[in-house]
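Results of the structural survey
Given next are the chains, with one letter for each unit.
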Amino acid sequence: MSHPLIDRAREDWLRALQRTQRSCDAVCGKPRVEGILTRMVGLTLEAVGCQAPIGARCDVVTPTGQRVEAEVVGFSGDKLYLMPTSDIRGLVPNSRVIPTSQSSEVRVGPELLGRVIDGRGRPLDGKGPLRARKSTPLEGREINPLGREPIREPLDVGVRAINALTPIGRGQRMGLFAGSGVGKSVLLGMMTRYTDADVVVVGLIGERGREVREFVQEILGEEGLTKSVVVAAPADASPLMRIHGAMQATAIAEYYRDQGKNVLLLMDSLTRFAQAQREISLAIGEPPATKGYPPSVFARLPQLVERAGNGDTAGGSITAFYTVLVEGDDHNDPIADAARAILDGHIVLSRQLAESGQYPAIDIEASISRLAPQIMGPEQLQRVQAFRRLYSIYQQNRDLISVGAYQPGTDAEIDRAIQAQPRLMEFLAQDMQQAVSLADSYQQLQFLIDPMLAAPTGAASTQGRPAAEGNAA
């Protein structure tokens, strides 16, 4: 039986204990509860005895004092699943697991320009430590979609085929779809050097280490590096570091956008980011759904891509290009399908054009910019449609023309396409060391298409007949 005096004394004692606990927390902070490492399978660590939220950092300390940093990626009951961010050799059972922080941050500032860093923000270029003192959350901040500035201003990327035929607006997010060895890295380097942007942020995610050096020294060059920040998480980095590399590049771009700058974000590649998330998800037991990809992969992609675009303050923008590796030239790959659905357009590089010596090997038929009507005038849009129509007609009848089965004069549109084809291909080609401005691209397209639109159909057929007959012979 309870007694009023005893109950009152118990309440007074509890209040005193709570006051003492609050005083201790104010002076010393909350005590850290350590756990122990109980299991390791592949790259996944299991710990018990401590609690930490998803995304928190932990230190795994061996009895010999070796320290390995890891991040919480999941939990089940009293178990925590952690993914290491560095080398795991030397870990032993019952190593101490010490939670250290709740979230990851990225150091940002003007000091990052001209630097090459890894997925953890450490310098890779041998130019000394980073002096940046500001920081921003790795996950970024959420922007109200109704608060974003609309896309109205075109962006000059220095590539004639893109400027004139698949125009890009400031704040647009584009996909660059290509197989291996088709020239996407060289095209990214051209856009890095020639794009009219205040800052360029390059994320090299999951690429070969050799290609990182080649991109920085040969493709990007000293001139392009001066206004760029390169985040490199090569293929031998842990899957968590590859994900952090992509998120860090995006966070750096967000910082410069919030400063009112126009930022060009180049991510190579979105496919490697998705594969890193697949490795983590499968390691912690998430079942695969679509061709080996767990559902969390398709949730992660829009979370990363939606962070780019126009901002809601200071008038800055992030124009983003994400390369998508279509393995085996299969454009129906799940990642390619998901990327097309969430991006504002796509540029497709053709292996057939690349093997024929065409550079850049842009497949105009398969490439599209969804914002072209918003950033182009009606006359320019009409010229683009005429170019695409002539190009498409020739490609559809290419086999008949090549074997001489087509008789000139049978179809006036085909005759016109045959006559225009050499000049169309010449327009698409460009020297990688030469930039073509937005105004020059529009003007050259005008000089190419307007005479064709003004010429009578019969004249085009007559002019195209000798060449076609010669081919048939």
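Residues numbered from 1 in each chain as written. Predicted model: local features only at pLDDT ≥ 70, side-chain atom pairs only at ≥ 80, totals over all residues. Heavy atoms only, no water.

Some words on helix α7 (residues 295-305)
Along α7, the residues classified as buried are Ser 296, Val 297, Leu 301, Leu 304 and Val 305. Along the axis of α7, the buried positions cluster into a sector of 155 degrees, meaning they face one direction only. (Buried < 20%, exposed > 50% of the residue type's maximum accessible area, 1.4 Å probe, protein only. Helix = DSSP H or I, 4+ residues; strand = E, 2+ residues; numbered from the N terminus. Arc of directions from axis to C-beta.)

Here's the deal with the side chain of Ser 95
By secondary structure assignment, the location of Ser 95 is in the loop between β5 (79-84) and β6 (96-101). Separated by 2.7 Å, the side chain of Ser 95 and the backbone oxygen of Val 92 make a polar contact. Contact partners of Ser 95, with chain neighbours within four places excluded, come to Gly 35, Ile 36, Leu 37, Val 60, Val 61, Thr 62 and Pro 63. (Polar contact = N/O pair within 3.5 Å; in protein donor to acceptor, adjacent residues only side chain to side chain. Contact = heavy atoms within 4.5 Å.)

Here we look at the packing of helix α3 (residues 184-194) against helix α4 (residues 209-225)
Between α3 and α4, the least distance of the axes is 9 Å, while the angle of their chain directions is 60 degrees. In terms of axis orientation, α3 runs oblique to α4. In the crossing of α3 with α4, the sense of the turn from one axis to the other is right-handed. Contacts between α3 and α4 involve Ser 185, Val 186, Leu 188, Gly 189, Thr 192 and Arg 193 from the former and Phe 215, Ile 219 and Leu 220 from the latter. When grouped by side-chain class, the residues that make up the contact of α3 with α4 number five nonpolar, three polar and one charged. (Axes fitted to C-alpha atoms, helices over the stretch in contact; angles between N-to-C directions. Parallel < 35°, antiparallel > 145°, perpendicular 65-115°, else oblique. Left-handed = near helix turned anticlockwise from the far one by under 90°. Nonpolar A, V, L, I, M, F, W, Y, C, P; charged D, E, K, R; others polar.)

Digging into the pattern of salt bridges
Applying the stated criterion across every chain yields a total of 23 salt bridges. For Arg 96, the salt bridge goes to Glu 34, with nearest N and O atoms at 2.8 Å. Residue Arg 96 is found in strand β6, and its partner Glu 34 is found in the loop between α1 (4-28) and β1 (35-41); the two are separated by 62 residues along the sequence. Among the residues examined, Arg 96 registers a relative accessible area of 40% and is labelled partly exposed. The class for Glu 34 is partly exposed, based on a relative accessible area of 36%. Through salt bridges with shared partners, a single network forms among Arg 57, Glu 69, Glu 71 and Arg 120. (Salt bridge = Lys/Arg side-chain N within 4 Å of Asp/Glu carboxyl O.)

Let's talk about the pairing of strand β17 (residues 317-325)
Summarising burial for β17: nine of the nine residues are buried, a large majority. Along β17, one buried face is formed by Ser 317, Thr 319, Phe 321, Thr 323 and Leu 325 and the opposite face, lined by Ile 318, Ala 320, Tyr 322 and Val 324, is buried too. Here strand β12 (residues 173-178) runs beside β17; their pairing, made up of six bridges, is parallel. Paired with Arg 173 across the bridge in β17 is Ala 320. Pairing geometry for strand β15 (residues 262-268) and β17, over six bridges, is parallel. (Pairing = 2+ DSSP bridges.)

Observations regarding the nonpolar core
In terms of nonpolar packing, the biggest core is built from 65 residues, with Leu 165, Phe 321, Phe 387 and Leu 428 touching the most fellow members. Counting residues per element, this core draws most heavily on helix α13 (residues 412-428), which supplies eight residues. Setting aside residues up to four positions removed in sequence, Phe 387 forms contacts with Leu 165, Leu 424, Phe 427, Leu 428, Leu 445, Leu 448 and Ile 449. Counting 52 residues, the second largest nonpolar core, distinct from the first, contains Ala 274, Ile 335, Ala 338 and Val 348. (Core = buried A, V, L, I, M, F, W, Y, C linked by side-chain atoms within 4.5 Å.)

A closer look at the sheet that holds β5
Spatially, the six strands close up into a barrel ordered β1-β2-β5-β4-β3-β6, and their pairing is antiparallel. In this sheet, adjacent strand axes meet at a mean angle of 45 degrees when their direction is disregarded. Bridge count for strand β2 (residues 44-48) against β5 is four bridges, and the pairing is antiparallel. Its bridge partner lying in β5, Glu 46 is registered against Tyr 81.

Here's the deal with the confidence of the model for the chain
Summary statistics for the chain give a mean pLDDT of 84 and a share of 92% for residues scoring 70 or more. Every residue in residues 458-473 is under pLDDT 50, and counting partners more than four places away or in other chains gives twelve contacts. (pLDDT = per-residue confidence, 0-100.)

Side note on the environment of Leu 349
Within the secondary structure, Leu 349 is located in the loop between β18 (345-348) and α9 (351-355). Separated by 15 residues in sequence, Leu 349 and Ile 364 have C-alpha atoms that sit 8.8 Å apart. Beyond its immediate sequence surroundings of up to four residues, Leu 349 is in contact with Leu 176, Phe 177, Ala 178, Val 182, Gly 183, Lys 184, Leu 187, Ala 361 and Ile 362.

Quick notes on the packing of aromatic side chains
Summed over the entire model, instances satisfying the criterion amount to three aromatic pairs. Measuring from centroid to centroid gives 5.1 Å for Tyr 255 and Tyr 256, while their planes differ by 70 degrees, and the two rings are edge-to-face. The buried category is assigned to Tyr 255, whose relative accessible area is 11%. For Tyr 256, a relative accessible area of 3% translates into the label buried. Ring plane angle 65 degrees and centroid distance 6.2 Å describe the contact between Tyr 293 and Phe 298, whose orientation is recorded as edge-to-face. Taking the relative accessible area as the measure of exposure, Phe 298 reaches 26% and is therefore partly exposed. For Arg 160, the ring lying beneath its charged end belongs to Phe 427, and the centroid distance is 5.5 Å. (Phe/Tyr/Trp six-rings, centres within 6.5 Å; stacked < 30°, edge-to-face > 60°. Lys NZ or Arg CZ within 6 Å of the ring centre and 35° of its normal.)

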